[in-house]
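# Topology and contacts: notes
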Amino acid sequence: MAAELVQDSMLSLITNQQDGLLHLYAIVKLLGENFRQILHSISSDERLKILQLKDSGTGTTILHFAVAKSDAEAVEMILECVSEEERYILLSAQDRDNFTPIHYACHNHNSRVLDLMISILKEETWYKLLQITSVKGTTPLHASAYWGHTQAISTIANSLTAQQLIHLLKVTNDDGRTPLQLAECRGKHAAAELLQDYQTKALIDVALQQTDQTGSNFDIKHKITFSRVQTRFKIH
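Along each chain, residue indices are assigned from 1 in the same order as the chain's sequence is written. Residues qualify for local features only when their pLDDT is at least 70, as the model is predicted, and side-chain atom pairs are given and counted only at 80 or more; totals for whole chains, interfaces and linings, by contrast, use all residues. The basis for every side-chain value is the complete set of non-hydrogen atoms in the structure, without hydrogens or water.

### Points about the overall build of the protein chain
Scanning the protein chain for helices and strands turns up 16 helices and zero strands. Within the protein chain, the fraction of its 236 residues that count as buried is 50%. Note on definitions: a residue-residue contact is assigned when non-hydrogen atoms from the two residues lie within 4.5 Å. Look at the contacts in the protein chain between residues 6 or more apart in sequence, and 70% of them connect residues 24 or more apart. Throughout, the Shrake-Rupley method with a 1.4 Å probe supplies accessible areas, and for residues the shown protein chains are the sole cover considered. Of the roughly 11,900 Å² that the protein chain leaves accessible, carbon and sulfur atoms contribute 49%. To qualify as a helix, a DSSP run of H or I must reach at least 4 residues; to qualify as a strand, a run of E must reach at least 2; elements of each kind are numbered from the N terminus. Any residue under 20% of the maximum accessible area for its type is buried, any over 50% is exposed, and the rest in between are partly exposed; the area is computed with a 1.4 Å probe on protein chains only.

### Digging into helix H4 (residues 44-51)
Those residues of H4 not exposed but buried are Arg 47, Leu 48, Ile 50 and Leu 51. What you see down the axis of H4 is that its buried residues fit within an arc of 160 degrees, all on one side. The arc in question is traced by the directions running from the helix axis to the C-beta atoms.

### Considering the layout of surface pockets
Space inside the largest pocket adds up to approximately 260 Å³. By residue number, the principal contributor to the lining of the largest pocket is helix H11 (residues 140-147), which donates four residues. By the convention adopted, Pro, Cys, Tyr, Trp, Phe, Met, Ile, Leu, Val and Ala count as nonpolar, Lys, Arg, Asp and Glu as charged, and the other residues, Gly among them, as polar. For the lining of the largest pocket, the class distribution of residues is five nonpolar, five polar and three charged. A pocket here means an open set of points on a 1 Å grid, computed over the protein atoms alone, that has protein on both sides within 12 Å along at least five of seven lines. A cavity is instead a set of points where a 1.4 Å probe fits but cannot get out; residues with an atom within 4 Å of a point line either one. Grid points are joined across faces, edges and corners, and a volume is the space filled by probe spheres set on the points.

### Remarks on the nonpolar core
Working definition of a nonpolar core: buried Ala, Val, Leu, Ile, Met, Phe, Trp, Tyr and Cys residues. They are joined through side-chain atoms within 4.5 Å. Grouped together as the largest cluster of nonpolar side chains are 66 residues, with contacts concentrated most on Phe 35, Met 117 and Trp 126. Counting residues per element, this core draws most heavily on helix H15 (residues 189-209), which supplies seven residues.

If you want it as structure tokens, here you go:
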């Protein structure tokens, strides 16, 4: 009976958008584990209707809100209660500037939330989400580069195959800048150096896959950069 009353209360928020998101987050924090049970007890359509509730001003969802507050517990609770398809729907939700919850995690330098998402999502879902761009054409990797968040850059880079990383590093925003170029433009030198090193390592990995594993057919043009990459990633 109590669960039904809470469910009715949450559903009523859908028809009253003003402050609805804040109220929903308060319910999540108040109920804790009971909120997880409620999500499990309702249909997928009802669950998505609640979790896709958007703030009328900012366009943010409950996941945007939880990530912005660095609330890994709430993020985990929500993502573990839904299917992989629903996870993609919720994590691809965009606010008024087309930022996803993953963009928010990169903006906030929240590697714990990123690690959590990576551990819960399938690899193909995660990679697909990393390709979503904002209104200015920025990917989550661009967001990390913009703020110079090296740990977020490493978290994303280490979660991808060499081919996937090379692709994301080539994506340009609406100003025509890749994540590396954006970091350089912003004067985020540590982030730029790290992105350069990851790019070099990814190119090496792909090239070695196409040779006899000795690298004899791969011409290292930037020897100084390669030397730094050897040290950073312990390549022998």
